[in-house]
Amino acid sequence: MRKLAKAIVVSALLAVGSATAIMNFHSDVNMREVQCEVFKMITGVRTSQPLLLQIPYSIGIAIGVLVFFNHLRMGGRRDEPSPLEVEMYLYDRNVEACMKQKGSKKDGNSG
Amino acid sequence: MGIQASRLSVVVLGFAWGLVTGGAMASFLSILEIIPRLAQLTDTRHFMRLYELVIGVTMGSASLAFDTNLQWRLPTWFVPPIGLFMGMYVGLLASALAEVLNVLPVLCRRFDIDEYVWMLIIALILGKVTGSMALWSLPNIP
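Remember, it's a predicted structure, so these values are computed and weren't measured experimentally.

Parameters at a glance
- Residues numbered from 1 in each chain as written.
- Chains lettered and ligands numbered in written order.
- Predicted model: local features only at pLDDT ≥ 70, side-chain atom pairs only at ≥ 80, totals over all residues.
- Heavy atoms only, no water.
- 1 Å grid on protein atoms, 1.4 Å probe; cavity = no way out; pocket = protein on both sides within 12 Å on 5 of 7 lines; lining within 4 Å.
- Points joined across faces, edges and corners; volume = space filled by probe spheres on them.
- Helix = DSSP H or I, 4+ residues; strand = E, 2+ residues; numbered from the N terminus.
- Patch = residues over 30% accessible without salt bridge, like charges linked within 9 Å, V, L, I, M, F, W, Y side chains within 5 Å.
- Areas by Shrake-Rupley, 256 points an atom, 1.4 Å probe, with all protein chains shown as cover.
- Salt bridge = Lys/Arg side-chain N within 4 Å of Asp/Glu carboxyl O.
- Buried < 20%, exposed > 50% of the residue type's maximum accessible area, 1.4 Å probe, protein only.

(A) Spatial organisation of empty space enclosed by the protein. A complete count under the given rule lists two cavities of 30 Å³ or more for this structure. Within this model, the second largest cavity holds a volume of roughly 40 Å³. Lining the second largest cavity we find A:Glu37, A:Lys40, A:Met41, B:Ala65, B:Phe66, B:Asn69, B:Leu70 and B:Gln71. Of all the elements in the fold, those that place two or more residues in the lining of the second largest cavity are α2 (31-43) of chain A together with α3 (48-67) of chain B. The dominant element in the lining of the second largest cavity, judged by the number of residues it contributes, is α2(A), at three residues.

Following this line, the structure appears as structure tokens:
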């Protein structure tokens, strides 16, 4: 139960943070201007708010993240780990190696 | 003769510029590992050459289309599918960034919530979608 509470707090942090991050990204790469340009390129109509492009775009972001983290099956091999699992494994391995190194250094100093 | 020489030098300059930009884009894409990820998910690793070709040709023609102010005047229903694919690509890009992949294991380890990773990912997605929707709903400030 405590774990669930912690997970909810971390999730809230991540949600607010990723909302800010994606807005920063969009401003940084001037995404709105590119979308207006693409809209003009396809339809020939000039508009400052191409919602017809922007709403599917936002939904697409969700699908992209899901696909990357292996939540949607696309008919590939199922036994392969997702990038997150690989990263978790690498992180755990590094932590263990670091702890071992620290322990051996301490032993060397005392002995 | 002078004008022709200067034109030729502009052509050479533009070509060199494009070569550098294309190389930079290719190395950026290979750092992010989006394409290997998609190939792994769909089990189509042997089509890697096709993916490379598609990316190269599309980048070249898209930049040409932007520079020449091309307009197709297609019906409006062409727009949403393209928007969806644009968003999917950005979603892949945003999750492939090393920061996200490095932060999640640390958070899971620190707070000991390994079994709730799915919740963290859902939270990430909700945040990204609301954030971008909110940005689009704001008026365009030049």
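Let's pick the thread back up.
(B) Expanded view of the layout of surface pockets. When its volume is computed, the largest pocket comes out at roughly 2,300 Å³. Lining the largest pocket we find 50 residues, and of these B:Met25, B:Thr58, B:Met59, B:Ala62 and B:Tyr89 sit closest to its centre. Where the lining of the largest pocket is concerned, the elements lending two or more residues are α2 and α3 (51-68) of chain A together with α1 (2-32), α2 (34-42), α3 and α4 (79-96) of chain B. In terms of residues, the lining of the largest pocket owes the most to one element, α3(B), which gives 16 residues.

(C) Layout of a nonpolar patch on the surface. Residue and element names in this part refer to chain B. A grouping of Leu70, Trp72, Leu74, Trp77, Phe78 and Ile82 is seen on the molecular surface, where their side chains present a nonpolar patch of about 580 Å² in accessible area. Within the secondary structure, Leu70 is located in the loop between α3 and α4. Taking the relative accessible area as the measure of exposure, Leu70 reaches 33% and is therefore partly exposed.

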